[in-house]
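# Geometric and topological summary
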Amino acid sequence: MSTNSGRVSSFLRRVLPVASAVALAGAVTVLVATPAEGTPPNGVMELKALHEIEQLEYCYAAGTDAIGRGDLEKGKQIYSRCFTPNAPVIIWEAGAAPDDPPVVSVPSAQAWADFIDELFAESGYVATQHLISNVRVDILPGGHRAKITSYLIATHIYDPLSSVQVAHGTYENEAVWTPSGWKLSKRTFRTSAFMRIDSPEP
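Because the structure is predicted, anything quoted here is derived from the model rather than measured.

About the cut-offs
- Residues numbered from 1 in each chain as written.
- Predicted model: local features only at pLDDT ≥ 70, side-chain atom pairs only at ≥ 80, totals over all residues.
- Heavy atoms only, no water.
- Helix = DSSP H or I, 4+ residues; strand = E, 2+ residues; numbered from the N terminus.
- Buried < 20%, exposed > 50% of the residue type's maximum accessible area, 1.4 Å probe, protein only.
- Contact = heavy atoms within 4.5 Å.
- Axes fitted to C-alpha atoms, helices over the stretch in contact; angles between N-to-C directions.
- Parallel < 35°, antiparallel > 145°, perpendicular 65-115°, else oblique.
- Left-handed = near helix turned anticlockwise from the far one by under 90°.
- Pairing = 2+ DSSP bridges.
- Expected span 1.5 Å × (residues − 1).
- Core = buried A, V, L, I, M, F, W, Y, C linked by side-chain atoms within 4.5 Å.
- Disulfide = S-S within 2.5 Å.

All right, on to the overall build of the protein chain then. From N to C terminus, the protein chain includes four helices and six strands. Helices and strands appear in the protein chain in the N-to-C order α-α-α-β-β-α-β-β-β-β. Counting all 202 residues of the protein chain, 37% fall into the buried class. Restricting the contact set of the protein chain to residue pairs at least 6 apart, pairs at least 24 apart contribute 55%.

What follows covers the packing of helix α2 (residues 44-68) against helix α3 (residues 72-82). With their axes 7 Å apart at the nearest point, α2 and α3 run at an angle of 165 degrees to one another. Comparing the axis directions of α2 and α3 gives the class roughly antiparallel. Considering only the axes of α2 and α3, their crossing is left-handed. Taken together, the residues of α3 that come into contact with α2 (itself represented by L56, C59, Y60, A62, G63, T64, A66 and I67) are L72, K74, G75, I78, Y79, R81 and C82.

Once that is clear, we can look at the sheet that holds strand β3 (residues 127-139). Two strands in a sheet stick together by hydrogen bonds in their backbones, pointing the same way (parallel) or opposite ways (antiparallel). Read across the sheet, six strands follow the order β2-β1-β6-β5-β4-β3 without closing on themselves; strand pairing throughout is mixed. Whereas interior strands pair on both sides, the edge strands pair on one side only; in this sheet they are β2 (104-106) and β3. Ignoring strand direction, the axes of neighbouring strands in this sheet form an average angle of 15 degrees. When strand β1 (residues 89-92) meets β2, the two strands line up antiparallel, connected through three bridges. Counterpart to I90 in the pairing with β2 is S105. Here α2 sits on the sheet in contact with β3, β4 (145-159), β5 (163-178) and β6 (181-198), set at roughly 160 degrees to β3. Those strands touched by helix α4 (residues 109-123) are β1, β2, β3 and β4, and its axis lies near 140 degrees from that of β2.

The end-to-end C-alpha separation of α2 is 36 Å, in line with the 36 Å expected for 25 residues at 1.5 Å each. Two residues or fewer past α2, G70 is found with a positive phi of approximately 95 degrees.

Here we come to the pairing of β3. With 11 bridges joining them, β3 and β4 adopt antiparallel strand pairing. The partner of T128 across the bridge, within β4, is H156. Counting the residues between successive antiparallel strands, the hairpin from β3 to β4 contains five residues, one of them, G142, with a positive phi of roughly 105 degrees.

Below, the discussion takes up the environment of S162. Positionally, S162 belongs in the loop between β4 and β5. Judged by relative accessible area, S162 falls into the partly exposed class, the value being 30%. Measuring from C-alpha to C-alpha, the distance between S162 and I197 comes to 8.3 Å, with 35 residues separating the pair along the chain. Leaving out residues up to four positions away in the same chain, S162 has contacts with I197, D198 and S199.

What follows is about the nonpolar core. By size, the foremost hydrophobic cluster in this structure holds 40 residues, and its most contacted members are I53, Y60, Y79, F83, W112 and V137. By residue number, the principal contributor to this core is α2, which donates nine residues. Apart from the residues within four sequence positions on either side, W112 is in contact with Y60, Y79, V89, I91, V104 and V106.

For the structure on display, the rule yields one disulfide. Through a disulfide, C59 is tied to C82; the S-S separation comes to 2.5 Å. Sign of the S-S torsion, about -75 degrees for the bond between C59 and C82, identifies this disulfide as left-handed. Here C82 lies in helix α3 and C59 lies in helix α2, a separation of 23 residues in the sequence. Neither residue differs from the other here; C59 and C82 are each classed as buried.

In structure tokens form, the structure reads like this:
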């Protein structure tokens, strides 16, 4: 009896680590391959496309925040890496009904850069920070176009120690495959909240 027990124990010591590794590999594969929303990855090329499309959201934020720091040319350079030349940018204000017209509509990212450069200066912002999250990508049939949805929390700074203006909302964007890779072909933003926050006076 003790001999059999020893053999079983020896067998389990050899088999269980392998079985655990296989189970873990399977679990990792499932986690990577089945996102809650968006296009499920199907092979290396699709994973690469999903990653590149997601990076466009962060490229946009980097360009916008360069303009927020007062560097318009840097912002335009960054935008040129993530937008097609004639990608419109369309904005709905907070409280707008679904069928209301947009409050801002410009024909290209370069025009958007000029618009927000003037807007940020007139508003008195000294810097901005655009935090984009919850990015969901759907690659459309044919594999050359995609839709992107993401959330925004944007902080527009009047005074780093006392006053900011905060915007929340949802981006609903489009991207296309080009000879230079994936690019944003349309950017829309529906503002859900926009408010100024000031620290209390001492």
